[in-house]
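Reading the structure
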Amino acid sequence: MGLFGKKEKKIFKEFSKKSVEYLTDINKDTDELLEELQESYSENRFAIPEFMNLIESIKAKISFEESEKLEELSKKIVQIKKCAKKSVSAVAELSRNQRKTTREAIREFNEFVES
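Residues numbered from 1 in each chain as written. Predicted model: local features only at pLDDT ≥ 70, side-chain atom pairs only at ≥ 80, totals over all residues. Heavy atoms only, no water.

1. Re the packing of helix H2 (residues 47-58) against helix H3 (residues 64-114)
To keep it simple, the criterion reads: Interaxial angles span 0 to 180 degrees and are taken between N-to-C directions of axes, which are lines fitted to C-alpha atoms, for helices over the stretch in contact. A run of DSSP states H or I qualifies as a helix once it reaches four residues; a run of E qualifies as a strand once it reaches two. Both are numbered from the N-terminal end. Our angle categories are set so that under 35 degrees counts as roughly parallel, over 145 as roughly antiparallel, 65 to 115 as roughly perpendicular, and the remainder as oblique. Whether two residues are in contact is decided by their heavy atoms: any pair within 4.5 Å suffices.
The N-to-C vectors of H2 and H3 enclose an angle of 170°; their axes lie 11 Å apart at closest approach. On the basis of the axis angle, H2 is roughly antiparallel to H3. Residue-level inspection shows Ile 48, Phe 51, Met 52, Ile 55 and Ile 58 of H2 in contact with H3, the latter providing Leu 70, Leu 73, Ser 74, Ile 77, Val 78 and Lys 81.

Rendered as structure tokens:
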């Protein structure tokens, strides 16, 4: 005799099915977010070099104080770029981990229900 009756196994199977659906939805949402971030980052990654070239071309035409302010702004923008790149990498890692967790959970659900 098994540990669980037919009624319990049916409940576990339904729970497993719903859990798989939720995990699949989470994976889909994460993948969509990653794709959006990657596209946005790719579209804008050349803005920093263009901005730096612009700064260099106008430095001689502005006052020292304005040049210093522009230099500070450029440093902040470079930091924003680094943050954006780290964000894309973090979401990519999150997506990989979520897919791995989903596969493991599905396998464990299946093993549990089949036992």
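2. Considerations on the pattern of salt bridges
Put simply, the rule reads: Whenever Lys or Arg places a side-chain nitrogen within 4 Å of a carboxyl oxygen from Asp or Glu, that contact is recorded as a salt bridge. Note on classification: 1.4 Å probe, protein chains only; a residue is buried when its accessible area is under 20% of the maximum for its type, exposed when over 50%, partly exposed between these limits.
For the structure on display, the rule yields six salt bridges. Between Arg 99 and Asp 31 there is a salt bridge, and its shortest N-O distance comes to 2.8 Å. Highlighted residues: Arg 99 in helix H3 and Asp 31 in helix H1 (residues 6-44), separated in sequence by 68 residues. Classification of Arg 99 by relative accessible area gives partly exposed; the value is 31%.

3. Concerning the side chain of Thr 30
Here Thr 30 shows up in helix H1. The class for Thr 30 is buried, based on a relative accessible area of 11%.

These results come straight from atomic positions and should not be treated as a statement about function.
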